[in-house]
Every structure is written in C-alpha cells, then in structure tokens.
Amino acid sequence: MAGGSIPHFQNDAGHPAIDIGVKEFMCTGANPPFDHPHVFLDMGDDNEKVCPYCSTLYRYSPKLKATETQPAGCIYIDQAA
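As the structure is a computational prediction, the values presented were derived from the model and not from experiment. (Residues numbered from 1 in each chain as written. Predicted model: local features only at pLDDT ≥ 70, side-chain atom pairs only at ≥ 80, totals over all residues. Heavy atoms only, no water.)

Draft legend 1. The nonpolar core, seen in detail. Counting 12 residues, the largest nonpolar core consists of Phe 9, Ile 18, Ile 20, Val 22, Phe 25, Cys 27, Val 39, Leu 41, Met 43, Cys 51, Tyr 58 and Cys 74. If you list the elements that add at least two residues to this core, you get strand E2 (17–20), strand E3 (24–29) and strand E4 (39–42). (Core = buried A, V, L, I, M, F, W, Y, C linked by side-chain atoms within 4.5 Å. Buried < 20%, exposed > 50% of the residue type's maximum accessible area, 1.4 Å probe, protein only. Helix = DSSP H or I, 4+ residues; strand = E, 2+ residues; numbered from the N terminus.)

Draft legend 2. Region of the structure containing the sheet that holds strand E5 (residues 48–50). Sheet architecture is open: four strands sit in the order E5-E6-E2-E7, paired in mixed fashion. The open sheet has two edge strands with one neighbour each: E5 and strand E7 (69–70). Relative to strand E6 (residues 57–60), E5 runs antiparallel, the two sharing three bridges. The partner of Val 50 across the bridge, within E6, is Leu 57. (Pairing = 2+ DSSP bridges.)

Draft legend 3. Representation of the pattern of salt bridges in the model. A full pass over the atoms with the stated rule returns one salt bridge. Note that Asp 19 is salt-bridged to Arg 59, the shortest N-O span being 2.7 Å. In this pair, Asp 19 is assigned in strand E2 and Arg 59 in strand E6, connecting sequence segments 40 residues apart. Arg 59 gets classed as partly exposed once you look at its relative accessible area, which sits at 32%. (Salt bridge = Lys/Arg side-chain N within 4 Å of Asp/Glu carboxyl O.)

This is the structure in structure tokens:
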C-alpha cells in the first residue's frame, strides 16, 4: 500500500472472521477503551491472517474495497479527542 494509508479494522462484535479488501492492515481489536495495541498485519502471499492479540481471523476478498468489510461495520475510525 505504498503511497496510501493503512486501513484499521476492529472487532467490537466478536466476529470469528472478517473479510477485508486489503492484505496489509492494522488490527485494533475493539474500539477504545477496549482496544489492544494497534498491530500491523501483512498477509503476504496468503489470503488469511490471525491477529496475535485478539485471534480475529482476517480473510482477503478481492471483491471488497479497502474500506469495506464483511460483516459490515468493522472499519476502525479514529475519533479525535
């Protein structure tokens, strides 16, 4: 994702798996104050990656845009203080 921002995803609802449209991303676990360290994850040649903090399974789906998730609503939006 050179030249662009890295999308951040959260799993407040506790989904066992989230489909995303990128292979490089940040996982926040949940929205603050219940988030874990925001960790950069890279799927590389694989199509799946498990977050080492919250165990959310992320699956790459080329049908989705960088800011889309399935189930919907798992994009993390930083709320300014």
